[in-house]
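The primary structure of each chain is shown beneath.
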Amino acid sequence: MHHIDPSLIDWSRAQFALTALYHWIFVPLTLGLTFIVAIMETIYVKTGNAWWKKTTKFWMGLLAINFAIGLATGIIMEFEFGTNWSNYSWIVGDIFGAPLAIEGLMAFFMESTFFAVMFFGWDKVSKRTHLLSTWLVAIGSNLSALWILIANGWMQHPVGMHFNPDTARNEMTDFWAVVFNPNAYTKFLHTISSGYVLASLFVIAISSWYLLKKRDIQFAKRSIMVAASFGLMVSLFNLTTGDDAARQVAINQPMKLASMEGLYKGKKGAEIVAFGLLDPSKTLKDNKDPFLVKFAIPGGLSLLSYHSFDAYVPGIEDIVYGNKTHHIMSASEKMQQGKKAVDALKTYKEAKKAGNVQEAKAALNVFEANSKYMGYGYLASPEQTVPNVPLTFYAFHTMVGFGTWFIVLFIIILYLTMTNELHAHRWVLWAGVWSLPMGYIAQEAGWITAEVGRQPWAIQDMLPVGMATSNIASGSVMITFWMFAILFTALLIAEVKIMATQINIGPKEADHV
Amino acid sequence: MIKKSLHWIFHLYYDGFTQMRMGKKLWAIMIIKVFILFVIVKWLFFPDILQEKFHTDTARSNYVLDHLTGENNASH
């Protein structure tokens, strides 16, 4: 990439990563806990048992804390788009505008309106109206996540748009193609279901702590029963959506898939690595084994990616250097096309300015023919198309490993709860407590896989991050990075302190949040 | 009817707020946070670069096109 200060790119990326990772501490719990609370309230309305009302109110109180502390943490990313990523914002403007506007309206009207009824309306509306409000909060908060993830899915796999060389903007040509982008909806389902898993772990962890302390025993058992049932169901769903999401990655972002698996050389019947330690000295084309140690399942990656044990899965080197046998175009060839597109865009602009209609038309034809790989035109070397392989690999395997453990945990806890033996197995209760931080780590690891694995692209194949940044001083981005680090840490401490106080008070005092 | 609805909505919020315990602390955090984000952070540190630098969409387009074609990258 030409003439771009690498420290500016790094600080801009670091700041966005910091903001997104902190924001994502709060969001998944809200997405999932709203549903758990709705389920508990449904049981209350069905049975008329006041214990369930108390149980619902307690978890609703913790939901309120999480919602209040997390509120507006995502808006900082909008600020960053305008300041640090102004070129990117301009280029994607029309694509992001519609989904984010719908998100804003949905979040405002559904969440805000029904949140008030949910928290303040216990004695003001009928049981059924209150229950409806609680379900609408759950559905509304999840639908608002839909639009954000549609926007993110578009960046990973841009569809339903056309780049206008006169305005330098992507213009939406097919709204439904953007909405039903397979990359977007698989991501949405996987992301929200992971939030449900986290919320289940949250309820289990706090309830397990009560059981370990031998307090609020009936409340804890009741909560665990709901959370473990819900958790098992949604974690199995999460497993299938993860499989769908990974298949979309295989089709649309093969470099990301190869990095997730540390696959340098493509092969038929590629194995899936269940556990592995990468060799840190591994470089492209050095013919060294990428792994120091690994335990792999033969044919697993081919089967999961392409539904065939014999399918060929391209490796990092195939994608960078090309593979004629398997019709894989090299990054160099894409760079040549990309540079043609960039040059044609420049010629078009100048010809149009000079009033030379014929030259502008010819240049536009060249641009359209090569624009698919326009982003490659800004790269300095084919190797720049490779993301940080160790970070992508370890983040992905952490997410999958922890996710597998959560399924086992939900099964064990559900079984022991149903046989009324849970309180006698203290190690299971401790496992329930310690699985909560693992849940948060898995959440963040999922996003690291998704976002680090698609580098260097801000928009897949179209716009590398270096071209997406604004022309500002890296020092100013560095200052705001540390400012956010302090602000978010303060908010996190506030959340943990207020939650800990409320958990310590327990369900007996849950009537007035 | 409208008056009755407005009265109901007012009391939903009023009674809700007055009966809050922990909620008051949460509202304080929310208000401080929103103030910090929108008044201090946004206003002082996060200008919308293209909106501030240029007055028309055409000027913004030209700037980004220059950026994409390598004509204003030297200043990075």
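Located above this text is the structure these notes cover.
Counting restarts for each chain, with residues numbered from 1 along the sequence as it is written. Ligands are numbered from 1 and chains lettered from A, in the order in which they are written. Where local features are concerned, this predicted model is filtered to residues with pLDDT of at least 70; where side-chain atom pairs are given and counted, the filter is 80 or more; whole-chain, interface and lining totals use all residues. As a convention, hydrogens and water are excluded, and side-chain values are obtained from all of the structure's heavy atoms.

(A) Region of interest: the overall build of chain A. Elements are defined by DSSP. Helices are runs of H or I of four residues or more, strands are runs of E of two residues or more, and each kind is numbered from the N terminus. Each helix and strand counted, chain A has 17 helices and eight strands in total. Here the globule rule is a power law, 2.2 Å times the number of residues to the power 0.38, and the radius of gyration is based on C-alpha atoms. Relative to the globule expectation of 24 Å for 513 residues, the C-alpha radius of gyration of chain A, 25 Å, shows essentially globular dimensions. We call two residues in contact when some of their heavy atoms are within 4.5 Å. A separation of at least 24 residues holds for 78% of the contacts in chain A among residues at least 6 apart in sequence. Accessible areas in this description were obtained via Shrake-Rupley with a 1.4 Å probe; residue shielding takes into account the shown protein chains only. Accessible surface, chain A as shown: approximately 20800 Å² in total, 66% of it carbon and sulfur.

(B) Highlighting the overall build of chain B. On a plain count of helices and strands, chain B comes out with four helices and zero strands. When the helices and strands of chain B are placed in sequence order, the string is α-α-α-α. For the C-alpha atoms alone, the extent of chain B along its principal axes is close to 60 × 35 × 15 Å. Categorising residues by exposure relies on relative accessible area from a 1.4 Å probe, with only protein chains included: less than 20% of the type maximum marks a residue as buried, more than 50% marks it as exposed, and the intermediate range marks it as partly exposed. Looking at chain B as a whole, 36% of its 76 residues are labelled buried. In this tally, Lys and Arg are treated as positive and Asp and Glu as negative; His is ignored, and so are the chain termini. For charged residues, the charge sits on one atom: NZ in Lys, CZ in Arg, CG in Asp, CD in Glu. With 9 positive and 6 negative side-chain charges, chain B shows a spacing of 24 Å between the two charge centroids.

(C) The arrangement of unusual backbone geometry in detail. Residue and element names in this part refer to chain A. Q455 connects to P456 through a cis peptide bond whose omega is 15°. Turning to its location among the elements, P456 is positioned in the loop between α15 (426-452) and β7 (457-459). Even without a glycine there, the phi angle at D216 is positive, about 45°. Its place among the elements puts D216 in the loop between α7 (182-212) and α8 (217-252).

(D) The packing of helix α1 (residues 6-47) of chain A against α8(A), seen in detail. All names here are of chain A. Axis geometry follows a simple rule: fit a line to the C-alpha atoms, using only the stretch in contact for helices, then measure angles between N-to-C directions, giving values from 0 to 180 degrees. Two numbers describe how α1 lies on α8: the axes approach to 11 Å, and their chain directions differ by 125°. In terms of axis orientation, α1 runs oblique to α8. Like other packed secondary-structure pairs, α1 and α8 cross with a definite hand, here right-handed. Each of G32, F35, I36, I39, M40 and I43 in α1 lies in contact with α8, whose residues at this interface are S223, V226 and F230. Residues belonging to the contact of α1 with α8 are distributed by class as follows: seven nonpolar, two polar and no charged. In these notes the angle categories are as follows: under 35 degrees is roughly parallel, over 145 is roughly antiparallel, 65 to 115 is roughly perpendicular, and the rest is oblique. Each crossing gets its hand from how the near helix is turned against the far one by less than a right angle, where anticlockwise is left-handed and clockwise is right-handed. Residue type decides the class: Asp, Glu, Lys and Arg count as charged, Ala, Val, Leu, Ile, Met, Phe, Trp, Tyr, Cys and Pro as nonpolar, and the leftover types, Gly among them, as polar.

(E) Broad picture of helix α5 (residues 127-156) of chain A. Multiplying 1.5 Å by the residue count of a helix minus one yields the expected span of that helix. The terminal C-alpha atoms of α5(A) lie 44 Å apart, and with 30 residues this matches the ideal 44 Å at 1.5 Å per residue to within 8%. Across the 30 residues that make up α5(A), a large majority, 21, are buried.

(F) Broad picture of the environment of A:V477. Residue and element names in this part refer to chain A. Secondary-structure assignment places V477 in helix α17 (residues 474-505). Along the backbone, V477 and I25 are 452 residues apart, and their C-alpha atoms lie at a distance of 22 Å. Ignoring sequence-local partners within four residues, the contact set of V477 consists of L8, W11, S12, Q15, N84 and I472.

(G) A look at the environment of A:P290. All names here are of chain A. Mapping P290 onto the fold places it in the loop between β4 (272-278) and β5 (291-297). For P290 and P280, which are ten residues apart along the polypeptide, the C-alpha to C-alpha distance reads 8.2 Å. Residues contacting P290, with those up to four places away along its chain left out, are G262, Y264, L277, L278, D279 and K282.

(H) Region of interest: the interface of chain A and chain B. Contacts between chain A and chain B engage 61 residues on the former and 44 residues on the latter. A quick way to say it: buried area is the sum, across both parts, of accessible area lost when two parts are put together, with a 1.4 Å probe. Summing the contributions of chain A and of chain B, the shared interface buries around 4600 Å²; its carbon and sulfur component is 72%. Among the residues of chain A in contact with chain B, A:F79, A:W90 and A:F120 are the three that bury the most area, contributing 15% of the side total. A pair is scored as a salt bridge if a Lys or Arg side-chain nitrogen falls within 4 Å of a carboxyl oxygen belonging to Asp or Glu. Taken together, the links from chain A to chain B amount to one salt bridge. With a shortest N-O distance of 2.7 Å, A:K349 and B:D66 are connected by a salt bridge. Residues adjacent in sequence count toward polar contacts only when both atoms are side-chain atoms; beyond that, a polar contact is any pair of N or O atoms within 3.5 Å, and within protein one must be able to donate a hydrogen and the other to accept it. If you look at where chain A meets chain B, you find ten residue pairs in polar contact (both at pLDDT 80 or more). Broken down by secondary-structure element, the contributors of at least two residues to the side of chain A that touches chain B are α1, α2 (50-70), α3 (75-83), α4 (86-120), α12 (331-354) and α17 of chain A. Taken together, the residues of the side of chain A that touches chain B sort by class into 34 nonpolar, 19 polar and eight charged.

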